Amino acid sequence: MNKPVANDLSAWLGAMLAPDPGTVDRATLMARARFRASLIMVGVILGYVVLALRAVPLMLMPDDRLQAKAATQFQTAVEVEAPRGDILGRDGTVLATSVEMPALRADPSKLTAEQVGPLARELAGMLGLDAADLTEKLSKSERRDILLASQISPDAVDAVEKLVPGALWVDYQSTRFYPGRALAASLLGMVGQNNQGLEGIERSLDKQLRGSTYRFVQQRDRRGRNISTAGDARARAHAGDSVTLTIEPFIQRAAEDALDQMMITSAPAAAIAVVMDVKTGEILAIANRPNANPNDVSTIDVSAMRNRAVADAHEPGSVLKPFVVGLAVDKGINKAEDLIDCEGGSWRVGNSIINDDHPHGVVTLSEVVKYSSNIGTAKLAFAMGAEEMMAGLKRFGFTQPSGLNLPSEVYGFLRNPKGIRPIEVATTAFGQGMTATAVQLAAALAAVGNDGVRMKPYLVSEVRDRLGYVRLRNRPVRVERVISEEAADSLVKMMITVLETGGTGTKARPEGFSAAGKTGTAQKVVDGHYSATARVSSFIGLTPANDPRLAIVVIGDTPTIGSKYGGIVAGPGFSLIATRALRYLGVPEDVPIEPKPKLAPPPPALGPDGLPLPVVPPPMAMPAPVKVAPGPAQLTWLADGRMSVPDLTGRSMRDVLVAVDGAGVEVSLVGSGRVVSQNPAPGYALAAGDRLEVVLQ
Amino acid sequence: MKARRFDLPLMGLVVVLLILGLVMVQSASGPVAADRLDDPWYYVKRQLAAIIVGIIGGVGIAFTPYEWLRRYAWAAYAAVIIGLILVFVPGLGHRVNGASRWIGMGSVNLQPSELAKLVCVLCMAHFIDEKGGRLDDVKNVLLPALAIPVPLMLLIVMEPDFGTTVIIGGMAFLTLVVAGLRTRFIYALFGLGVTVGALVAVAEPYRLKRLRSFMDPWADAAGSGYQVIQSMIAFHSGGLTGRGLGESQAKHLFLPEPWTDFIGSVLGEELGLIGVLALLTLYGLLIWRGMHVARQAEDLFGALLATSLTAAIGLQAFFNLGVVMGIVPPKGLVLPFMSYGASAIVAQLFAVGLLLNVSANSAAGARAPTIYRPSATAEGVLAR
């Protein structure tokens, strides 16, 4: 078998190597073709072996350059911030929340130089952005992913994405939204671009509100877009805790309205209102002017977000006097009815003379408060001694941290009683040469209203995690007894007189509720000196007076229109807040409502004889309600325990609410303005739980 | 007609490669097609259509009577020449990236140069066999044989399509070598080819730049070296077992059109070294079967045809994978049976049809031949 093969081999070797074979034998030709074909096959397969030998090191040996390049180009480390937790009012109203807002991104490398200009102009027109700024961003052709606008209108998303497909796209970002707009804005604060709380609650509770950050490596394509199929990474970042505040949105709104009113009537440079629950220490409202809408992140004036209720310490002026009086009564130095010589309005202390705005001779201590006598209060301070007074004021919470833990809180100033000069003792007693914040005043006042026991002010009622589990729940905390119950009671009674006729706070009377208060008109310190014109006008008050529920502080800083007296500037604000808040809280009215000219109902229609037209009750549709004579704009109790419905025609919504308040009648209000019709008609009787329908226009 | 005995292993290998190719085309093109064309199956569908057309044509060719291949060789040659001219006719020709390679007919585009490879070998094999393989007769046989590829090459290089021109030249050269070209002519032609190739390469600055970036792709990793580096990254991240089918990262726009020339990189990344070695094995087996067909051919025509077609497929696979692995300068060659490209797939399946036709007429089908029988004669067929 071997031999013929060897013969064949030598035969075609000879044929192949022959110098000039001439005509070729066809068998040799085929043999040579097969041989050469085999050589080519072997060559190609050797080539594959080379490829295999190349593939082994390429694919298995570590290569720093390839690995480094792969690591940077295929992946990006991504941090997903979970949405911040909500901030809620005590009634559950959402004060701050996180919403997904579309952000416009672009890949400038996909745009030609000619496209950039027109595209920038078109986008600027659609989104209301600056064309020059967009042109600059879109011209960065080396970039592949650039943020053009962080919050665009959801309506614009579709149109924008169609402009240059692939080069423009929309990404959704968690954005802070404040549904109440400027409501309590300075208290809530705001959040920066990096999801960090910058001011207010957002800052003080940033740790709780801020969600967890989920860090992961994201696979991306060459354009930098996410190609991970792992699902929504956002879901793995846990949302922040939600915070429920003690703030009562309805009362907060009342406080905001009161300040708005003050801004119109007195135009102060700044204004503050604080409402505190006397018995618990809960802060129900903190309002500030100026304020800002924190939703306008790009245009917001950060200085307008200042929470002056804790950040501004003013000389309180006369509103400090009640605390000195209370301390004096507590020490048994005086009683309300004890007589004090107010020296006819001018009294020398050391080298100085102190004056009263309204000179008085010998008056009772109660009248010292009512007329706000500097001289009378100074005498109490001397009788008490500086040490005693300063220690007492500190017990009231002055110069102490409020406990609210808000950013930029200041604690105020009080002189050291050691080595103090007599005039300084006198001025401190009427609120000069010391400073306090509105929250400190409110807390001190609340202690008076709470039978002399100071409660720790607090703002956060509850912190719940994203699953609803309570992480923190604050309860009322008793700090200490500052003055005796009798002293507190006596002081409240003295402060009631301030609102009585002849007192300085008549404008502060709430509608339907009693109140005890004190006015203050402090000269403002400007550049280290008392200003001749600038005043800090304030009113502090407790309401209702017999069993105080609320401590309210209203301050107008540097009023510029009309009177600068605290009673005039801040009194009406107190009245408005107190009235609305107590009604909201369901506190029974304890004084009759005085008719106010502005809010009085329109005079009854007159007949041709000049006499009021008789009110004709409409025909009775149903026999059930007992028909009674038309009464005043108040529910009148009938013998059977039911109430007669007044004629409400022409009255305001508020009048209606006032009229039925406390009767347990369900009121349905339709429309706004003045009452045009009511059901049942005037004179019908209603029982508690019945329904009264009123249409306003 | 006698019963035909096709080379079944060859057919099986082609089917396996086609299926693997479809899978890789889907993986490589899916995300981009979904993004750009809203249809992740776009390229797969078109590739499948081309495969069906190619199989129908290939089967037709395989069943064509052997002698007809020779009878109509010149007609096919003429048709391709016309096609190559039509490419330049405005309105008919279809330009892509500055090259006129296609005849456009709506969404279907024909690339005549792919068929030129086939007819060139077909005609040369036919001509040389007809002349009794007397290549030593320079004037009457060698020079005319050499002239056959020249019009094709000229028309294709004008498109321009340098890569295909080189392939046709190479296939013509191999045909002559297998036909018994004398050693000194082999050297001479090889030298001539290399010289012309080098001159053409240097004449175009971009080809020189390609060559330079091949020598050191990292010198301009973001520019001329980009593609090779991306391809090497893909292979490297594949490792031994690959990232898993569909898990390529490089296909996400990092590799340019990864479903065409760089499909091997995606395969390397997704199926790893094991996948690459399997692919090389498949090609190796295919070459072995192709050469088996050539060696078993009953005449010189069949032997030349089978050798050249097999070598063309094998060398394209080698050069394509060499490029994507960074050991061969960039060429722009497709990976046979794998890369997306309708005309190429159709031409490759036609070539398989030719190979199967030759295999069916192989000497192995009959008893081992002891004497040379002039082919395509009644006598030859009867001799079986």
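Higher on the page you've got the structure.
Rules used in this analysis
Residues numbered from 1 in each chain as written. Chains lettered and ligands numbered in written order. Predicted model: local features only at pLDDT ≥ 70, side-chain atom pairs only at ≥ 80, totals over all residues. Heavy atoms only, no water. Phe/Tyr/Trp six-rings, centres within 6.5 Å; stacked < 30°, edge-to-face > 60°. Helix = DSSP H or I, 4+ residues; strand = E, 2+ residues; numbered from the N terminus. Buried < 20%, exposed > 50% of the residue type's maximum accessible area, 1.4 Å probe, protein only. Pairing = 2+ DSSP bridges. Axes fitted to C-alpha atoms, helices over the stretch in contact; angles between N-to-C directions. Core = buried A, V, L, I, M, F, W, Y, C linked by side-chain atoms within 4.5 Å. Contact = heavy atoms within 4.5 Å. Expected span 1.5 Å × (residues − 1). Buried area = accessible area lost by both parts, 1.4 Å probe. Polar contact = N/O pair within 3.5 Å; in protein donor to acceptor, adjacent residues only side chain to side chain.

**Focus on the packing of aromatic side chains**
Within this structure, the stated rule accounts for 16 aromatic pairs over all chains. Aromatic side chains A:F323 and A:F398 sit 5.5 Å apart centroid to centroid with 70° between the ring planes, which places their arrangement in the edge-to-face category. Highlighted residues: A:F323 in helix α12 (residues 321-330) and A:F398 in the loop between α15 (386-395) and α16 (422-429), separated in sequence by 75 residues. Assessed through its relative accessible area of 0%, A:F398 is described here as buried. Put simply, the rings of B:Y42, B:Y43, B:W259 and B:Y340 pair up and form one aromatic cluster.

**A word on the sheet that holds strand β23 (residues 666-670) of chain A**
All names here are of chain A. Taken in spatial order, the three strands of this open sheet run β23-β26-β24, and their pairing is mixed. Among the strands making up the open sheet, the edge pair consists of β23 and β24 (675-679). Within this sheet the neighbouring strands show an average axis-to-axis angle of 20°, counted without direction. Note: β23 against strand β26 (residues 691-696), five bridges, orientation parallel. In the strand pairing of β26, V667 is matched with L692.

**Digging into the nonpolar core**
Counting 134 residues, the largest nonpolar core has A:Y48, B:L152, B:Y283, B:L286, B:F337 and B:M338 as its most contacted members. Considering each element in turn, this core owes the most residues, 15 residues, to helix α13 (residues 300-324) of chain B. Residue contacts for B:Y283: discarding those within four places in its chain leaves A:Y48, B:L17, B:A317, B:L335, B:P336 and B:M338. Residues A:L95, A:I272, A:A381 and A:V492 belong to the second largest nonpolar core, which totals 120 residues.

**As for helix α14 (residues 342-360) of chain B**
Its 19 residues place the ends of α14(B) 27 Å apart at the C-alpha level, agreeing with the 27 Å of an ideal helix rising 1.5 Å per residue. A large share of α14(B) lies buried, amounting to 18 of its 19 residues.

**With respect to the interface of chain A and chain B**
Across the contact, 48 residues belong to chain A and 58 residues belong to chain B. Each partner contributes to the roughly 4800 Å² buried at the junction of chain A and chain B, and carbon and sulfur atoms together form 70% of this total. For the interface between chain A and chain B, the tally reads nine residue pairs in polar contact (both at pLDDT 80 or more). Looking at the side of chain A that touches chain B, the elements that each hand over two or more residues are α2 (26-60) and α3 (64-74) of chain A. A per-element tally of the side of chain A that touches chain B places α2(A) first, with 25 residues.

**Let's talk about the sheet that holds strand β20 (residues 550-557) of chain A**
Residue and element names in this part refer to chain A. A sheet is described by the order of its strands in space; here five strands give the open sequence β9-β8-β20-β19-β18, paired in antiparallel fashion. The outermost strands of the open sheet, each flanked by one partner alone, are β9 (283-289) and β18 (516-526). If you compare each strand with its neighbour and ignore which way they point, the axes differ by 10° on average. As defined by bridge partners, strand β19 (residues 529-543) adjoins β20 across eight bridges and the pair is classed as antiparallel. The residue of β20 that forms the bridge with T543 is L550. In the packing of helix α17 (residues 438-449) onto the sheet, contacts are made with β8 (270-277), β9, β19 and β20, and the angle to β20 comes to roughly 150°.

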